[in-house]
Amino acid sequence: MRGITAYAGFYRFVPLKRESMSLFQQHLVQLVSLQSWWVATLLEVLGSKEKVDLLKNKLGFNEAFNYKEEHELDAGLKRCFPEGIDIYFDNVGGKMLDAVLLIMRTRGCIAACGMVSQYNLEQPESIKNLFSIISKQVCIQGFVSHEQYHLYPQMLDTLLPYIREGKLVYVEDIAEGLERSPAALVGLFSGRNVGKQVAAVAHE
């Protein structure tokens, strides 16, 4: 069901407006770029220079930065979005979510589908900037991908033509052989993969 989280997040849980907006997100840049009527600034935060170069040079992001090189996450976000963030598509949580809350714009929206930074912690990180939700009237909508599977046929009808036309591209990080699958899975939590992690069990 690859892609359904980004598709559902964009088409169901993001309040699109016909006006210029800032978008800070993790998955949606190409879906946004296909909406010719919607003007957006697109930013991704990653953990390696290789991924930064990939997103800026191939996938169409306006900006990307390596969070491992940023001393203060909120400073990096403010540098890219001096006027604040309208939409945040979150699958990280923790310190990243805390930094984003500080610079959300009034009546901004957060679509939350995961908190990967927290899954392996014995004690989850606390969120200190929750009052921003009230003071800035921020809407947060959580969702889980397995409840969006009914959208899969619609997603294929929408996205396959774009893939055939070369307007929507994807990058895969392929681990060859079942024996390499455990290491590939562990690598997801350290950001080792570049693109969608796939395990190739056999080639027909």
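To be clear, the structure that these remarks concern was listed above.
Quantities reported herein were computed from a predicted structural model and do not represent experimental measurements.

Thresholds, definitions, all that
Residues numbered from 1 in each chain as written. Predicted model: local features only at pLDDT ≥ 70, side-chain atom pairs only at ≥ 80, totals over all residues. Heavy atoms only, no water. Disulfide = S-S within 2.5 Å. Core = buried A, V, L, I, M, F, W, Y, C linked by side-chain atoms within 4.5 Å. Buried < 20%, exposed > 50% of the residue type's maximum accessible area, 1.4 Å probe, protein only. Helix = DSSP H or I, 4+ residues; strand = E, 2+ residues; numbered from the N terminus. Salt bridge = Lys/Arg side-chain N within 4 Å of Asp/Glu carboxyl O. Lys, Arg positive; Asp, Glu negative; His and termini not counted.

Caption draft 1: Local environment of the state of the cysteines. This structure, assessed with the given rule, holds zero disulfides. Counting only cysteine sulfurs, Cys139 is the nearest neighbor of Cys109, a cysteine outside any disulfide, at a range of 4.4 Å.

Caption draft 2: Summary view of the nonpolar core. Counting residues in each nonpolar core, the largest one holds 17 residues, and the members touching the most others are Leu77, Ile85, Tyr88, Val100, Met104 and Ile110. When residues of this core are traced back to their parent elements, those giving at least two are helix 4 (73–80), strand 4 (85–90), helix 5 (94–103) and strand 5 (104–112). Residue contributions to this core peak at six residues, all from helix 5. Of all hydrophobic cores here, the second largest spans eleven residues; its members include Tyr7, Phe13, Leu159 and Leu168.

Caption draft 3: Structural context of the pattern of salt bridges. All told, the structure shown has one salt bridge when counted by the stated rule. Across the pair Asp86 and Arg105 runs a salt bridge whose closest N-O atoms are separated by 3.2 Å. Taken together, the residues span a long stretch of sequence, with Asp86 in strand 4 and Arg105 in strand 5 at a distance of 19 residues.

Caption draft 4: Representation of the side chain of Asp74 in the model. By secondary structure assignment, the location of Asp74 is in helix 4. No salt bridge forms around the buried Asp74; measuring N to O, its nearest opposite-charge neighbour Lys78 is 4.3 Å away.

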